[in-house]
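One-letter residues, chain by chain:
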Amino acid sequence: MPKLAHLIKQLTVLTLLFSVHCFANQQDLVNKESKNASFELIVLGDSGGIEDGNLSAFLLRSLKSHNYVALDAGTIVNGINQSVKKNAFADLPIRPNPNWSTSGTILRDHVKGYLVSHSHLDHINGLLVASPEDTNKNIYALASVNKMIGETYFNGIAWANFTDRGRPPTLNKYHVVDLPIGEPISVTDTQLTVTAFSLSHPVESSAFVLENGSDMFVYFGDTGADIVEKQGKLEVIWRYLAKQMQHKQLRGMVIEVSFENERPHNLLFGHLTPKLLMQELHNFASKVGGKAPLQDLKLVISHIKYTLANNLNPRLKIKQQLDEANNLGLQIIIPEQGQKLAF
């Protein structure tokens, strides 16, 4: 028995040492990637569907700047609060303001604009409810998206009109900028330029290609697959990115997967499944060309639909289906609210 106890003790120590070694290696990899990174992404909201307080929203900045642009705005204040609790802004030099909390200072001083992919409430709710204590900044979107936001929300009925266009009285806090499709536009007070593209969805949605020098990052709003939607809109984006990748580096991508593979196409309502996403990415890879063209590309999966149903975990199922289909060497990331990622 003493020998057995000694053996168990030795195995326990070895297991602990191995775990520490693995953790150290993971931390070294994270630190190395962070040192070589160009962009920082903060996850304000990672889910689609019905879970208020955690809806689609991300903050992106060039690491050459201390200012972010919001990529959609389903959840803003609660997302910033949760991110502060998880120390996601630890590297951001925040100047304390006695009049505002840390979250208030980040929103007011460091978020310099909103890129809104489309007008559905789960992508704009956070912007609406934060507007009374926000500062002046721009809302960037396709013309049809801005028109619908103004008519539906910032109309003095559903919500006060905090913008500089539409139904009076206009409070002029937000300057509304219509993005042309396929033309780069500078994002004010950041190091970023954005090129917008149209996506297939029940209302017009959009993707944003953000660039800083020779580095690129792409964010997709809600989108259906070309094989289902029959509009070829993702094909346009893949061609554009493949051309840009001849002289620029694609650092990462946020793209939605709302449902599991078992969801029938007629009930997708302009969304993706793991199978459909992988089909699209294979099409993209064929345009980039070369051996393993998307190897190690960081792919952040957004908008997984939350459910109140028992015995269902869509996040686990979707991650499993993506991993099983991933023969492109992608780094697939299922993000969590408050998480900071480097690209």
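In this text, all values refer to a predicted model and were calculated from it rather than measured experimentally.

Let us now look at the overall build of the chain. Helix and strand counts for the chain stand at nine helices and 16 strands. The C-alpha atoms of the chain give a radius of gyration of 21 Å, which matches the 20 Å a tight globule of 343 residues would have. Reported as C-alpha extents along the three principal axes, the dimensions of the chain are approximately 85 × 55 × 45 Å. A buried classification covers 49% of the 343 residues belonging to the chain. Looking at the chain alone, contacts between residues at least 24 apart form 65% of all its contacts between residues at least 6 apart. Counting every atom, the chain has about 16300 Å² of accessible surface; 54% of that belongs to carbon and sulfur.

This next bit is on the environment of Val236. Along the polypeptide, Val236 turns up in helix H7 (residues 233-244). Since its relative accessible area comes to 46%, Val236 is described here as partly exposed. Distance in space between the C-alpha atoms of Val236 and Ser198 is 9.1 Å, their sequence separation being 38 residues.

In this fold, Gln321 is placed in helix H9 (residues 314-325). Residues in contact with Gln321, not counting those within four places in the same chain, are Glu260, Asn261, Glu262 and Pro274.

Quick look at the packing of aromatic side chains now. Inspection of the entire model under this criterion finds ten aromatic pairs. Centre to centre, the rings of Phe154 and Phe162 are 6.5 Å apart; their planes meet at 70 degrees, and the pair counts as edge-to-face. The same class applies to Phe154 as to Phe162, namely buried. An angle of 75 degrees between the planes, with centres 5.0 Å apart, marks the rings of Phe217 and Phe343 as edge-to-face. In this pair, Phe217 is assigned in strand S11 (residues 215-220) and Phe343 in the segment after strand S16 (340-342), connecting sequence segments 126 residues apart.

In the contact formed by helix H2 (residues 77-85) and helix H3 (residues 102-110), the axes pass within 9 Å of each other and the chain directions differ by 125 degrees. Classified by the angle between their axes, H2 and H3 sit oblique to one another. Of the two possible hands of crossing, H2 and H3 adopt the one that is right-handed. In this structure, H2 uses Val77, Ile80, Asn81 and Val84 to contact H3, whose residues at the interface are Thr102, Ser103, Ile106 and Leu107. Of the residues contributing to the contact of H2 with H3, the split by class is five nonpolar, three polar and no charged.

If you walk across this open sheet you meet the seven strands as S7-S6-S5-S4-S3-S1-S16, and the pairing is mixed. Two strands bound the open sheet, and with one partner strand each, they are strand S7 (174-179) and S16. On average, each strand axis in the sheet is tilted by 25 degrees relative to the strand beside it, whichever way the strands run. Sheet topology places strand S3 (residues 57-62) next to strand S4 (residues 68-73); four bridges connect them, and they run antiparallel. By the bridge assignment for S4, Leu59 is matched with Ala70.

Before going further, it helps to spend a moment on the packing of H7 against helix H8 (residues 274-288). Orientation of H7 relative to H8, taken along the N-to-C sense of each, is 35 degrees, at an axis distance of 9 Å. Once H7 is placed against H8, the crossing between them reads as right-handed. Residue-level contacts link Leu234, Glu235, Trp238, Arg239, Leu241 and Ala242 of H7 to Glu280, Leu281, Asn283, Phe284, Lys287 and Val288 of H8. Of the residues contributing to the contact of H7 with H8, the split by class is seven nonpolar, one polar and four charged.

Before going further, it helps to examine the nonpolar core. In terms of nonpolar packing, the biggest core is built from 54 residues, with Leu41, Leu60, Leu71, Tyr114, Leu115 and Leu210 touching the most fellow members. Excluding residues that lie within four positions of it along the chain, Leu41 makes contacts with Phe58, Leu59, Leu60, Leu71, Phe217, Val254, Val300, Gln339, Lys340, Leu341 and Phe343. With 37 residues, the next largest nonpolar core counts Ala242, Met253, Leu328 and Ile332 among its residues.

Here we take up the environment of His265. Among the structural elements, His265 can be located in the loop between strand S12 (249-256) and H8. For the pair His265 and Ser83, spaced 182 residues apart in sequence, the C-alpha to C-alpha distance is 35 Å.

This part covers the pairing of strand S13 (residues 298-302). Across the five residues of S13, five count as buried, placing the element largely inside the fold. Both faces of S13 are covered, namely the face carrying Lys298, Val300 and Ser302 and the face carrying Leu299 and Ile301. Pairing of S12 with S13, which is carried by five bridges, proceeds in the parallel orientation. Residue pairing across strands places Glu256 opposite Ser302, the latter belonging to S13. Across three bridges, S13 lies against strand S15 (residues 331-333) in parallel orientation. Opposite Val300, over in S15, you have Ile333 as the bridge partner.

What counts as what
- Residues numbered from 1 in each chain as written.
- Predicted model: local features only at pLDDT ≥ 70, side-chain atom pairs only at ≥ 80, totals over all residues.
- Heavy atoms only, no water.
- Helix = DSSP H or I, 4+ residues; strand = E, 2+ residues; numbered from the N terminus.
- Rg over C-alpha atoms; globule rule 2.2 N^0.38 Å.
- Buried < 20%, exposed > 50% of the residue type's maximum accessible area, 1.4 Å probe, protein only.
- Contact = heavy atoms within 4.5 Å.
- Areas by Shrake-Rupley, 256 points an atom, 1.4 Å probe, with all protein chains shown as cover.
- Phe/Tyr/Trp six-rings, centres within 6.5 Å; stacked < 30°, edge-to-face > 60°.
- Axes fitted to C-alpha atoms, helices over the stretch in contact; angles between N-to-C directions.
- Parallel < 35°, antiparallel > 145°, perpendicular 65-115°, else oblique.
- Left-handed = near helix turned anticlockwise from the far one by under 90°.
- Nonpolar A, V, L, I, M, F, W, Y, C, P; charged D, E, K, R; others polar.
- Pairing = 2+ DSSP bridges.
- Core = buried A, V, L, I, M, F, W, Y, C linked by side-chain atoms within 4.5 Å.

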